[in-house]
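Summary of the model geometry
Listed here are the chains, written in short residue letters.
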Amino acid sequence: MGANSSSISELPENEYLQKLSGSEPISENDPFWNQLLSFSFTTPTNSADLKLLEEATISVCKSLVEKNPRTGNLGSLIKVFLSRTKELKISAECQNHLFIWQAHNALFIICCLLKVFISRMSEEELQLHFTYEEKAGPSSYGTECEDLIEELLCCLIQLIVEIPLLDITYSISLEAVTTLIVFLSCQLFHKEILRESIIHRYLMHGRCLPYTSRLVKTLLYNFIRQERSPPPGTHVFQQQTDGGGLLYGIASGVATGLWTVFTLGGVGSKASAQVEQCSPLASQSLLLLLVLANLTDTPDTPNPYRQAIMSFKNTQDNTAFSSSNPHAFQINFNSLYTALCDQQKSDQATLLLYMLLHQNSNMRTYVLARTDIENLVLPILEILYHVEERNSHHVYMALIILLILTEDDGFNRSIHEVILKNITWYAERVLTEISLGSLLILVVIRTIQFNMTRTRDKYLHTNCLAALANMSAQFRSLHQYAAQRIISLFSLLSKKHNKVLEQATQSLRGSLGSNDSPLPDYAQDLNVIEEVIRMMLEIINSCLTNSLHHNPNLVYALLYKRDLFEQFRTHPSFQDIMQNIDLVISFFSSRLEQAGAELSVERVLEIIKQGAVALPKDRLRKFPELKFKYVEEEQPEEFFIPYVWSLVYNSAVALYWNPRDIQLFTMDSG
């Protein structure tokens, strides 16, 4: 890292950067731009080098902020970039490496400068810096450019959607996505959710608007394809090695001078190797998509990017598009489904899956019709299983996805027909063969138990229980371990109920003789625990009344722990729901007594199966069907926007922001 560090720290003294940020206006036709843009390096990816790059950029920016109103050099740099991108598509087709390389370098410098500008000034001040013009002669870019910010934003979107993705264009495509994220990063420096933003307005109106569906589609395809980054050097010239740096053979007439020392994050660096294992473009594209989808609606315009996400269809869907949504498009659902199944280890992919299931009815219908639903559900269950290693937001998203899926009766039936072998990540017990439905029940119950002992989050409880309740009427052939865990959870709740009740009684006695300390609110604790117990009894009851004959293992577990239910028979909160459970326990207990003592497990199960046929169904009281539907809370942006930006802050490729500058969230909430 020594060489890298010293070369980055020398950037403020670099003569080309000094000239760019100096007092002299530089004409767009000046040979200086060829010199400035002829550097070569691998973008740093480890945080130490990125921090150094940020500090070096700040130094250059301070000078540029001061001098730019007189020189207009920022505008000149952007116009140089814009003029070169006009030929970019042809350059890609003709394999014109030099042209693409210099355009990429121009964009990299613009992105670095913009990142610092946005973190240090208001959008109004930023807009002003784009209006300062160089005073050094006529513009080669032309006078038709009325608004440089809109021109640059539009150019970045065109670059993403129109330039073919090749080895030589990979870096500039990635840089265009990164620069759009940087443009939107003003949200990071505000505590409140931005509802009025100059950059948002540009992206949701005017010249950028017609590209909405193409941009969303391209970002989704970047995520689907997971194209790996080409090896360093292949996208420019044949690389020469010199002390581990990346020095390219440059075409004659292009000055490289001082830039040859600028070889950041060389091929041997560990962090760079880690990024190469995945797809930086796919990762960054997904982050940009999530940011765009969560921009707030304006009073006169709903977010067009969210509209596009809500309405896209499968390529095999031939029905006409609705005229009410101009941003609809088609995409290959099979490819998208496969990518979603493969990528669920990341918060970002889980959040995308949530958005698609919640907002796009076409995608939801498609997912629920898949015959390999286990490929999607298993990674979600694994997230929940490793609850202690995940952040709470990731766990919420995984749970809400399950809740949305369990709203569908077809899903609740089919998961019990999918038989899985050897679930290696489930450590509590060897599961050689289990249905997807039983595994789902096990993992949700485990999440409830974890929550009871650690986080005590009511929201988590509610969603877990709602998912179990939605499935309960369709429980089929429950694995004996799943049946045991249902009753074990009830046992745990029962003990907790008794403990809180005892604490409340003692506290009440103690308070009669003392007025010193305030009482803990045991009444509220008791209320919460009784709500959860009631819900568990309703889940058991729903299974018994709808599919008792399909679940001998649950009846067995119920009989084995029948004493647990005794205390709730006469409790006013549970009397009604206990009637059916009591009836089932009594009915099967008497049949077992008639069969004699010392019965084997197999014999007991046989008696239960025979009894299930004989049990008169009309004696079981009917209750309303247990059905819960996920509804997004009011002002969901208050949750999602900080969450999305925390993912950008923690996961974006080659982007570093000083944590002290971040206002939107505290560092531990990400």
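Keep in mind that what you see is a predicted model, and the values were worked out from it rather than measured. (Residues numbered from 1 in each chain as written. Predicted model: local features only at pLDDT ≥ 70, side-chain atom pairs only at ≥ 80, totals over all residues. Heavy atoms only, no water.)

What about the overall build of the chain?
Within the chain, the regular secondary structure consists of 29 helices and 6 strands. A sequence separation of at least 24 residues applies to 76% of the contacts in the chain between residues at least 6 apart. Split by element, the accessible area of the chain, about 29,100 Å² in all, is 49% carbon and sulfur. (Helix = DSSP H or I, 4+ residues; strand = E, 2+ residues; numbered from the N terminus. Contact = heavy atoms within 4.5 Å. Areas by Shrake-Rupley, 256 points an atom, 1.4 Å probe, with all protein chains shown as cover.)

Some points on the state of the cysteines
Joining two cysteines, a disulfide is a covalent bond between their sulfur atoms. For the coordinates displayed, the defined rule picks out 0 disulfides. Sulfur of Cys61: no disulfide; nearest cysteine sulfur belongs to Cys112 and is 8.7 Å away. Residue Cys61 is classed as buried on the basis of its relative accessible area of 2%. (Disulfide = S-S within 2.5 Å. Buried < 20%, exposed > 50% of the residue type's maximum accessible area, 1.4 Å probe, protein only.)

Some details on the side chain of Asn303
Relative to the helices and strands, Asn303 is located in the loop between helix H14 (280–293) and helix H15 (304–311). In this structure the side chain of Asn303 is engaged in a polar contact, spanning 2.8 Å, whose partner is the backbone oxygen of Leu292. Residues within four places of Asn303 in sequence aside, it is in contact with Met204, Leu292, Ala293, Asn294, Leu295 and Asp297. (Polar contact = N/O pair within 3.5 Å; in protein donor to acceptor, adjacent residues only side chain to side chain.)

Some thoughts on the nonpolar core
Grouped together as the largest cluster of nonpolar side chains are 229 residues, with contacts concentrated most on Leu439 and Phe565. In this structure, Leu439 is in contact with Leu378, Leu381, Leu420, Ile423, Trp425, Tyr426, Leu431 and Ile434, ignoring residues within four places of it in sequence. (Core = buried A, V, L, I, M, F, W, Y, C linked by side-chain atoms within 4.5 Å.)

Considering the layout of surface pockets
Estimates place the volume of the largest pocket at around 510 Å³. Taken together, 18 residues line the largest pocket, and the ones lying closest to its centre are Met452, Arg456, Lys496, Val500 and Ile529. At the level of elements, helix H22 (436–453), helix H23 (458–472), helix H24 (480–512) and helix H25 (522–547) are the ones that each hand at least two residues to the lining of the largest pocket. Looking at the lining of the largest pocket element by element, the count peaks at 6 residues for H24. (1 Å grid on protein atoms, 1.4 Å probe; cavity = no way out; pocket = protein on both sides within 12 Å on 5 of 7 lines; lining within 4 Å. Points joined across faces, edges and corners; volume = space filled by probe spheres on them.)

Comments concerning the side chain of Thr85
With respect to the element layout, Thr85 can be found in helix H5 (residues 73–85). Here Leu82 takes part through its backbone oxygen, which lies 2.8 Å from a polar atom of the side chain of Thr85. Setting aside residues no more than four positions away along its own chain, Thr85 makes contact with Cys155 and Leu159.

Here's the deal with helix H16 (residues 333–342)
Buried within H16 are the following residues: Phe333, Leu336, Tyr337, Ala339, Leu340 and Cys341. On its buried face, H16 is in contact with helix H12 (212–225), strand S3 (313–314), strand S4 (330–331), helix H17 (347–359), helix H18 (361–369) and helix H19 (374–385). At the N-terminal end of H16, a side-chain oxygen is found 2.9 Å from the backbone nitrogen of Asn334, two or three residues along, and the residue is Asn332.

Considerations on the confidence of the model for the chain
In this model, the chain carries an average pLDDT of 85, and 87% of its residues clear a pLDDT of 70 or more. A low-confidence stretch, residues 136–145 (pLDDT under 50), is modelled with 16 contacts involving residues beyond four sequence positions or located in other chains. (pLDDT = per-residue confidence, 0-100.)

As for the pattern of salt bridges
Tallied over the full model, the rule gives 17 salt bridges. The salt bridge involving Lys421 is made with Glu433; its shortest N-O contact spans 2.5 Å. Here Glu433 lies in strand S6 (residues 433–435) and Lys421 lies in strand S5 (residues 419–421), a separation of 12 residues in the sequence. Here Lys421 falls in the exposed class, since its relative accessible area comes to 54%. One salt bridge connects Arg446 with Glu428, and the closest N-O pair in it is separated by 2.6 Å. Linking Arg446 in helix H22 with Glu428 in the loop between S5 and S6, this pair joins segments that are 18 residues apart in sequence. Owing to a relative accessible area of 17%, Arg446 belongs among the buried residues under this scheme. The class of Glu428 is partly exposed, set by a relative accessible area of 42%. One salt-bridge network, in which partners are shared between bridges, spans Arg195, Glu637 and Glu638. (Salt bridge = Lys/Arg side-chain N within 4 Å of Asp/Glu carboxyl O.)

Points about H18
Along H18, the residues classified as buried are Met363, Tyr366 and Val367. Buried residues of H18 fall within an arc of 95 degrees about the axis and therefore sit on the same side. Residues of H18 that are exposed and point over 90 degrees away from its buried face: Thr365 and Ala369. Residues of H18 that are buried sit in contact with S3, H16, H17, H19 and helix H20 (392–406). Sitting at the amino-terminal end of H18 is Asn360, which places a side-chain oxygen 3.0 Å from the backbone nitrogen of Asn362. (Arc of directions from axis to C-beta.)

Here we look at the packing of aromatic side chains
Here the structure, examined in full by the defined rule, presents 23 aromatic pairs. Between Phe490 and Phe568, the aromatic rings sit 5.4 Å apart at their centres with planes inclined by 70 degrees, giving edge-to-face as the arrangement. In this pair, Phe490 is assigned in helix H24 and Phe568 in the loop between helix H26 (552–560) and helix H27 (575–595), connecting sequence segments 78 residues apart. For the pair shown, Phe490 and Phe568 are each scored as buried. Through a chain of ring-to-ring contacts, the aromatic side chains of Phe312, Phe329, Phe333, Tyr337 and Tyr366 assemble into a single cluster. The ring of Tyr385 is capped by Arg446, whose NZ or CZ atom sits 3.9 Å from the centre of that ring. (Phe/Tyr/Trp six-rings, centres within 6.5 Å; stacked < 30°, edge-to-face > 60°. Lys NZ or Arg CZ within 6 Å of the ring centre and 35° of its normal.)

Re the packing of H5 against helix H9 (residues 148–162)
In the contact formed by H5 and H9, the axes pass within 11 Å of each other and the chain directions differ by 35 degrees. Once H5 is placed against H9, the crossing between them reads as left-handed. Here H5 contributes Gly75, Ile78, Lys79, Phe81, Leu82 and Thr85 to the contact with H9, which in turn contributes Leu148, Glu151, Leu152, Cys155, Leu156 and Leu159. For the contact of H5 with H9, the residue count by class is 8 nonpolar, 2 polar and 2 charged. (Axes fitted to C-alpha atoms, helices over the stretch in contact; angles between N-to-C directions. Left-handed = near helix turned anticlockwise from the far one by under 90°. Nonpolar A, V, L, I, M, F, W, Y, C, P; charged D, E, K, R; others polar.)

A closer look at the environment of Tyr522
Structurally, Tyr522 is set in helix H25. For Tyr522 and Gln503, which are 19 residues apart along the polypeptide, the C-alpha to C-alpha distance reads 7.4 Å. Discounting residues that sit within four places of it in the chain, Tyr522 has contacts with Val500, Gln503, Ala504 and Ser507.

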